Amino acid sequence: KPIRTVLLWQFIATLAMAAIAGVWAGGHGALSALLGGSVNLCAGVVYAFLLGVGLRARAVPDGGPSRLAMLRAEAAKILVIVGGLVLALTTYPDLVPAAFFTAFVVTVIVFSMAIFVRE
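Here is what the cut-offs are and how they apply
- Residues numbered from 1 in each chain as written.
- Predicted model: local features only at pLDDT ≥ 70, side-chain atom pairs only at ≥ 80, totals over all residues.
- Heavy atoms only, no water.
- Helix = DSSP H or I, 4+ residues; strand = E, 2+ residues; numbered from the N terminus.
- Buried < 20%, exposed > 50% of the residue type's maximum accessible area, 1.4 Å probe, protein only.
- Contact = heavy atoms within 4.5 Å.
- Salt bridge = Lys/Arg side-chain N within 4 Å of Asp/Glu carboxyl O.
- Expected span 1.5 Å × (residues − 1).
- Arc of directions from axis to C-beta.
- Patch = residues over 30% accessible without salt bridge, like charges linked within 9 Å, V, L, I, M, F, W, Y side chains within 5 Å.
- Areas by Shrake-Rupley, 256 points an atom, 1.4 Å probe, with all protein chains shown as cover.

Colleague: How should I be thinking about the overall build of the protein chain in this particular structure?
Modeller: Helix and strand counts for the protein chain stand at three helices and zero strands. Helices (α) and strands (β) of the protein chain occur, in sequence order from the N terminus, as α-α-α. Buried positions account for 37% of the 119 residues belonging to the protein chain. Put simply, 72% of the contacts in the protein chain that link residues at least 6 apart link residues at least 24 apart.

Colleague: What is the right way to look at the pattern of salt bridges in this model?
Modeller: A complete count under the given rule lists one salt bridge for this structure. Close ionic contact of Glu74 with Lys77 constitutes a salt bridge, the shortest N to O distance being 3.9 Å. Of this pair, Glu74 and Lys77 are both found in helix α2 (residues 63-91), three residues apart, which corresponds to roughly one turn of the helix.

Colleague: Help me understand helix α3 (residues 97-112) in this model?
Modeller: Residue pairs three or four apart in sequence face the same way in an α-helix, which turns once every 3.6 residues. Relative to the 22 Å expected for 16 residues at 1.5 Å per residue, α3 spans 23 Å between its end C-alpha atoms, a close match to the ideal helical length. Residues of α3 that are buried include every one of Ala99, Phe100, Ala103, Phe104, Thr107, Val110 and Phe111, and no others. For α3, the arc enclosing every buried residue in end-on projection is 130°, short of the 170-degree limit, so these residues lie on one face.

Colleague: Please clarify how a nonpolar patch on the surface should be interpreted in this entry.
Modeller: The grouping of Leu8, Trp9, Phe11, Ile12, Leu15, Leu31, Leu34, Val105, Ile109, Met113, Ile115 and Phe116 at the surface amounts to a nonpolar patch, some 1,100 Å² of accessible area in total. Elements represented by at least two residues in the nonpolar patch include exactly α1 (2-56) and α3. Of the residues forming the nonpolar patch, the biggest block, seven residues, is contributed by α1. Of note, Leu8 is situated in helix α1. With relative accessibility at 47%, the residue Leu8 sits in the partly exposed group.

Colleague: Could you clarify how one ought to interpret the environment of Thr107 in this entry?
Modeller: Examined against the element boundaries, Thr107 turns out to sit in helix α3. Counting along the chain gives 93 residues from Thr107 to Thr14, while the straight-line C-alpha distance between them is 7.1 Å. If near-sequence neighbours (up to four positions away) are discounted, Thr107 is found in contact with Gln10, Thr14, Gly36, Gly37 and Asn40.

See below:
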């Protein structure tokens, strides 16, 4: 449940950043903010999926399998982030860097708020 809540917060933050960037820089700004937020949103979905799969694979007798599942999920999340950044920066020639990176950073901060979500 906490991860779903944080993903919803990231989605809302992405839409809010896109609206602000749209007013500030027009359509390209809004799309840039959507791309920036989507990079972290996709990475969060991959993280949640892999963590869920890794922890449901077997009963957890100690912390070892849990840590391994978390490390695997975190590594995949980083790969998705790097790939998403490279893809967006190389394929969208009218990208507005301020909108893109602001939305990206805001969604990173929102993801870190997962520790405050209660079951």
